[in-house]
There are 6 protein chains.
Amino acid sequence: MNDELTHFSSAGRARMVDVSNKPDTQRVAVASGIIRMQPETLARIREGRIAKGDVLAVADVAAVMAAKRTPDIIPMCHSLPLTGVEVSFSETADSAGLRVEVIAKCVGQTGVEMEALTAASTALLTVYDMCKAMDRGMRIESIQLEEKRGGKSGIWRRGEA
Amino acid sequence: MNDELTHFSSAGRARMVDVSNKPDTQRVAVASGIIRMQPETLARIREGRIAKGDVLAVADVAAVMAAKRTPDIIPMCHSLPLTGVEVSFSETADSAGLRVEVIAKCVGQTGVEMEALTAASTALLTVYDMCKAMDRGMRIESIQLEEKRGGKSGIWRRGEA
Amino acid sequence: MNDELTHFSSAGRARMVDVSNKPDTQRVAVASGIIRMQPETLARIREGRIAKGDVLAVADVAAVMAAKRTPDIIPMCHSLPLTGVEVSFSETADSAGLRVEVIAKCVGQTGVEMEALTAASTALLTVYDMCKAMDRGMRIESIQLEEKRGGKSGIWRRGEA
Amino acid sequence: MNDELTHFSSAGRARMVDVSNKPDTQRVAVASGIIRMQPETLARIREGRIAKGDVLAVADVAAVMAAKRTPDIIPMCHSLPLTGVEVSFSETADSAGLRVEVIAKCVGQTGVEMEALTAASTALLTVYDMCKAMDRGMRIESIQLEEKRGGKSGIWRRGEA
Amino acid sequence: MNDELTHFSSAGRARMVDVSNKPDTQRVAVASGIIRMQPETLARIREGRIAKGDVLAVADVAAVMAAKRTPDIIPMCHSLPLTGVEVSFSETADSAGLRVEVIAKCVGQTGVEMEALTAASTALLTVYDMCKAMDRGMRIESIQLEEKRGGKSGIWRRGEA
Amino acid sequence: MNDELTHFSSAGRARMVDVSNKPDTQRVAVASGIIRMQPETLARIREGRIAKGDVLAVADVAAVMAAKRTPDIIPMCHSLPLTGVEVSFSETADSAGLRVEVIAKCVGQTGVEMEALTAASTALLTVYDMCKAMDRGMRIESIQLEEKRGGKSGIWRRGEA
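Predicted, not measured: the structure shown is a model, and the values here were computed from it.

To continue, consider the arrangement of the chains. At no point do chain A and chain E touch; the closest pair of C-alpha atoms across them sits 10 Å apart. When C-alpha atoms are compared, chain C and chain F, though not in contact, are closest at a spacing of 10 Å.

Here's what the structure looks like:
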């Protein structure tokens, strides 16, 4: 465990950490999250995709836009020109949850974990928003980093740390 | 369970639901969420608050600003002039988690659930961002609506639905 | 024709016109626009909607979000809490164009023409963005107000003025 | 005609296309558009520029700001640090229209067509906003790419494709 | 002097103060500020307005847009739908300074001081930006509230407090 | 004194200056500003930092976020991916003023003066907002560039020009 809270300056004031001397490297982050719901709600989303609209299409767009706006939402996060964002959804095995996975990429001086995590979180909040009239009790779970590549620390994978 | 996905128009196109004819009422929403971390990380946040900076102060500001920007982040969410936002943090019983609770208020034609939920989610993402150099495996859990008051549907409380 | 450029103050400086004394009324604006393209491009959009993705779903989300952000894009435009936005697409008779129509609503002191027009324009720019690798020569045409209701000037319909 | 809708992933989900492996090159895009209006409206804009304010000055600023915010408005568009934006206006031959031309530049991995097109569109919407009290029937026409340089596809000019 | 820092909750956490129970009243705030510069710089701005462009036109637009975005910039500030913003410039008596005055109005539950002050500050920062290649040493002075009307505290005027 | 207002094109239209051919260099800017207040207000901020909340923590976050959003606020300012932002506060000698200093850094084609100045200004406006219920007459003074390094013009320091 790295013994440092890097976002505070010596005077105790929060700051955007200086990365001026870090080299540009290719960076990738994968984040995921789950929204738990009633099976009927999931069934409606599934049908809805075909019959009358697409909850996941809206959640997908929201996630990509949130990835781009992450430095505007997370105070000490650096601005990064993302080179790619990809969002995918799958149902959980018990048919009472929807899982999102986001892959974010950039060539830059800092990682893109926050972009991937913020996008995953926004996708699930959007699903909540669009279905809340049906199922107010939905719950977001397990927003987490799955993998991270690039930069000084190399490759990190959940479960291998 | 309300049998409607209200965000899709009859032609199957996602829309911002028409609330023109709803009356303005006083509305409150309470949302919460948890971030799980290593006990050492939580200890560092706790000390940091006193000794050298305040992770929670940054997370608090991020949450209030995210509440105000929710309609800009969640695609089909209405714009609402919030009348109040309050954020509080507490440690979980096992000293390996931090819980956030957000109360959002407005006087308006639609509810403020999304504002409270987006703020809670942003607070926890900000904690992740500020501590990730120490503890990359932190996980966000249980982002959920706790209570909702105002509007046609009256009072809703988690566990009573 | 009203003989006034209302956005300039007596000193010649552009301003946001004072509407403090106007009453809140129910307001509706309908705007439309067309994007011209090669018939093959339109065919691909049409198929894509079913087979492999949905250009129009992305354009629809972009339009709703742009409607909400209009006062942030159009300098002298007032901020208005929209009560509803609805977007629909149709093909032109010659199968070489896509038409968008946006209905925007609010209860407020000024009209929502700019919200409807900005949303229509953004929908078509998004279609361009998503198809430009196929057809760089696409052209946006006829972005115009179709109808406007509410406020002192009552109902206005294109062609009846 | 390139046979690909590049913004959809293999699973049919819209994405921000991965450009991580594209080299940085100098890029230029030129876009234009026209707003049609009553000759009296154009005369007023022309006079206004001298006598009592400057519609085009406001439209110019709106265009430059919109160019910078394009990735925030067009969902699947990459974020690019623009190196220059230039806006110019001219009257159409029949004195019943105003033409805008925008030149956008960057050094980056993707083109700046969307920035130029969004800026042109925003300039004309701003003209509409500032003159709508006089002439509600104004119509935006011919928003189109005129020229594009840089990147793998080299130089593209309208009419030569 | 009011003995309260109202933006902190009882638990010491910054919050957006709850104004749910305040009545809507007509509110006005007037703020001003000055930018000091070399007389040659001011002369160039003055000429520029006529001959080759208009620094003040850009600063004016920046101020109006900043007024609208104030709640997005100032963390604990409420969102308010402004009903009017007016910006004016004048030269200081010594011909080495430019003064801006901004009048902001709304009908709402809280005041618009922050909108007027943020707009004034942004106007002067914009002047700095546009002239900095000529005169890097310019200095912004005396950003202050001049007058405030509406709400429980009635009329406040600088110098009369 | 450089004889040029670089933000206007030859046709007199404001533009974002073309920096496409400038090399990327390491850039630093330091800006500062002061807010004058009643000694009692400053005492309350000082206590508040310990006892019940932290005005400066909120102002610090506001400053860092404003630095990142500068190109979105200052019309002709280039977008720059900042590599570091650091904010510090100190009391003035007479105990009736608070001074902020902001250091902004990037590796890019243009300077970061505007980012540092906008952040300093936003920090002080935030202090005003959080204390205005106590002391409406507070005044912002001396927002100025202290130092600038990098780019063609090399090092500039206030007082040495």
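Turning our attention to the confidence of the model for chain A. Mean pLDDT for chain A: 90, with 92% of residues reaching 70 or above. As a predicted assembly, this complex carries a pTM of 0.95 together with an ipTM value of 0.94.

Across the contact, 58 residues belong to chain B and 57 residues belong to chain A. Summed over both partners, the interface of chain B with chain A buries about 5,200 Å², with 62% contributed by carbon and sulfur atoms. Note that Arg69 of chain A is salt-bridged to Asp72 of chain B, the shortest N-O span being 2.8 Å. On the surface where chain B and chain A come into contact, there are eleven residue pairs in polar contact (both at pLDDT 80 or more). Secondary structure elements with two or more residues in the side of chain B that touches chain A: helix 1 (39–51), helix 2 (55–73), helix 3 (113–131) and strand 4 (139–149) of chain B. When its residues are assigned to classes, the side of chain B that touches chain A shows 25 nonpolar, 16 polar and 17 charged. Bridging between strand 4 (residues 139–149) of chain A and strand 4 of chain B involves four bridges; their strand directions are antiparallel. Residue Ile140 of chain A lies in a different strand from strand 4 of chain B, and its bridge partner there is Ile143 of chain B.

All right, on to the relation of the copies chain B and chain A then. Aligned on chain A, chain B shows an RMSD of 0.0 Å; the corresponding rotation is 180 degrees and the shift along the axis is 0.0 Å. Here the transformation between the copies is reduced to the relation of a two-fold axis. In terms of proximity to the rotation axis, the leading residue of chain B is Glu141 of chain B, whose C-alpha is 2.2 Å off the axis.

Axis separation between helix 4 (residues 113–131) of chain C and helix 3 (residues 113–131) of chain D bottoms out at 11 Å; the angle between their running directions is 165 degrees. Taken as axis vectors, helix 4 of chain C and helix 3 of chain D run roughly antiparallel relative to one another. As for the relative orientation of helix 4 of chain C and helix 3 of chain D, their crossing is right-handed in sense. Contacts between helix 4 of chain C and helix 3 of chain D involve Met114, Leu117, Thr118, Ser121, Leu125, Tyr128 and Asp129 of chain C from the first element and Met114, Leu117, Thr118, Ser121, Leu125, Tyr128 and Asp129 of chain D from the second. Here the residues of the contact of helix 4 of chain C with helix 3 of chain D sort into eight nonpolar, four polar and two charged.

Further remarks concern the nonpolar core. Core analysis: the biggest nonpolar cluster contains 294 residues, and Val127 of chain A, Val127 of chain B, Val127 of chain C, Val127 of chain D, Val127 of chain E together with Val127 of chain F have the highest contact counts within it. With residues up to four places along the chain from it excluded, the contact list for Val127 of chain A reads Ile35, Met37, Ile45, Val55, Leu56, Ala59, Leu98 and Met138 of chain A.

Contacts between chain A and chain D engage 21 residues on the former and 20 residues on the latter. With both sides pooled, the region where chain A packs onto chain D buries about 1,600 Å², and carbon together with sulfur makes up 50% of that total. Seen at the junction of chain A and chain D, the total is two salt bridges. For the pair chain A and chain D, the number of links is twelve residue pairs in polar contact (both at pLDDT 80 or more). For the side of chain A that touches chain D, the secondary structure elements donating two or more residues are helix 2 (55–73), strand 2 (82–91) and strand 3 (97–108) of chain A.

This part covers the relation of the copies chain A and chain D. The pair of chain copies shares a relation made of a rotation about an axis and a shift along it. Here chain A sits on chain D after a turn of 120 degrees about the axis and a move of 0.0 Å along it, with an RMSD of 0.0 Å. Look at the turn and shift together and you get a three-fold axis relating the two. By C-alpha distance to the rotation axis, the residue of chain A lying nearest is Pro81 of chain A, at 4.6 Å.

Cross-referencing UniProt, the feature "active site" (unreviewed entry) maps to Asp129 of chain A in the present numbering. Following the sequence through the fold, Asp129 of chain A ends up in helix 3 (residues 113–131). In this structure Asp129 of chain A touches His7, Ile74, Met76, Cys77 and Met114 of chain B, once residues within four positions along its chain are discounted.

Below, the discussion takes up the state of the cysteines. Disulfide: a covalent bond formed between the sulfur atoms of two cysteine residues. Counted under the stated rule, the structure contains zero disulfides over all chains. A disulfide-free cysteine, Cys106 of chain C has its sulfur positioned 10 Å from the sulfur of Cys77 of chain C, the nearest such atom. Just so you know, Cys131 of chain C is unpaired, no disulfide at all, and the nearest cysteine sulfur is the one on Cys77 of chain D, 14 Å from it. Since its relative accessible area comes to 0%, Cys131 of chain C is described here as buried.

This part is about the UniProt feature "binding site: substrate" (unreviewed entry) in chain A. The positions UniProt marks with the feature "binding site: substrate" (unreviewed entry) are Met76, Cys77, His78, Met114 and Glu115 of chain A. Despite a sequence span of 40 residues, these residues sit close together in the fold, their greatest C-alpha distance being 12.6 Å. Structurally, the position occupied by Met114 of chain A is in helix 3. Excluding residues within four positions of it along the chain, Met114 of chain A makes contact with Thr70, Ile74 and Cys77 of chain A together with Leu125, Tyr128, Asp129 and Lys132 of chain B. Mapped onto the elements, Glu115 of chain A comes out in helix 3.

This part takes up the pattern of salt bridges. Taken as a whole, this structure holds 85 salt bridges over all chains when the rule is applied. Arg99 of chain B is paired through a salt bridge with Glu101 of chain B; the nearest N and O atoms lie 3.3 Å apart. Judged by relative accessible area, Arg99 of chain B falls into the partly exposed class, the value being 25%. One network of salt bridges, in which partners are shared, links Arg69 of chain A, Asp72 of chain B, Arg69 of chain C together with Asp72 of chain D.

Let us now look at the side chain of Thr110 of chain D. All names here are of chain D. The topology assignment puts Thr110 in the loop between strand 3 (97–108) and helix 3. Accessibility expressed as a relative area gives 11% for Thr110, which makes it buried. Setting aside anything within four residues of it in sequence, one finds Thr110 in contact with Val19, Arg27, His78 and Leu80.

Next up on the list: the pairing of strand 2 (residues 82–91) of chain E. As defined by bridge partners, strand 2 of chain E adjoins strand 3 (residues 97–108) of chain E across nine bridges and the pair is classed as antiparallel. By the bridge assignment for strand 3 of chain E, Val85 of chain E is matched with Ala104 of chain E.

Attention shifts here to the environment of Ser32 of chain C. Residue and element names in this part refer to chain C. Secondary-structure assignment places Ser32 in strand 1 (residues 25–36). Separated by 55 residues in the primary sequence, Ser32 and Val87 place their C-alpha atoms 9.6 Å from one another. Each residue touching Ser32, except ones within four places of it in the same chain, is listed here: Arg99, Val100, Glu101, Ala120, Ser142, Ile143, Gln144 and Glu146. Reaching out from Ser32, the side chain makes a polar contact with the side chain of Arg99 at a distance of 3.5 Å. Within the structure, the side chain of Ser32 is placed 2.6 Å from the side chain of Glu146, a separation counted as a polar contact.

Attention shifts here to helix 2 (residues 55–73) of chain E. All names here are of chain E. Helix length check: helix 2, at 19 residues, gives a terminal C-alpha distance of 23 Å against a target of 27 Å (1.5 Å per residue), a shortfall beyond 12%. At Ala67, helix 2 is bent by approximately 50 degrees, the largest bend along its length, and proline Pro71 sits one to four residues beyond. Burial within helix 2 is extensive, with 19 of its 19 residues counted as buried. Of the residues that open helix 2, the one with a side-chain oxygen 3.1 Å from the backbone nitrogen of Leu56 is Asp54.

Cut-offs applied
- Residues numbered from 1 in each chain as written.
- Chains lettered and ligands numbered in written order.
- Predicted model: local features only at pLDDT ≥ 70, side-chain atom pairs only at ≥ 80, totals over all residues.
- Heavy atoms only, no water.
- Contact = heavy atoms within 4.5 Å.
- pLDDT = per-residue confidence, 0-100.
- Buried area = accessible area lost by both parts, 1.4 Å probe.
- Salt bridge = Lys/Arg side-chain N within 4 Å of Asp/Glu carboxyl O.
- Polar contact = N/O pair within 3.5 Å; in protein donor to acceptor, adjacent residues only side chain to side chain.
- Helix = DSSP H or I, 4+ residues; strand = E, 2+ residues; numbered from the N terminus.
- Nonpolar A, V, L, I, M, F, W, Y, C, P; charged D, E, K, R; others polar.
- Pairing = 2+ DSSP bridges.
- Least-squares fit on C-alpha atoms with pLDDT ≥ 70 in both.
- Axes fitted to C-alpha atoms, helices over the stretch in contact; angles between N-to-C directions.
- Parallel < 35°, antiparallel > 145°, perpendicular 65-115°, else oblique.
- Left-handed = near helix turned anticlockwise from the far one by under 90°.
- Core = buried A, V, L, I, M, F, W, Y, C linked by side-chain atoms within 4.5 Å.
- Buried < 20%, exposed > 50% of the residue type's maximum accessible area, 1.4 Å probe, protein only.
- UniProt positions renumbered as here; feature names shortened; annotations may be inferred.
- Disulfide = S-S within 2.5 Å.
- Expected span 1.5 Å × (residues − 1).
- Bend = angle between axes of the 7 residues up to and from the residue.

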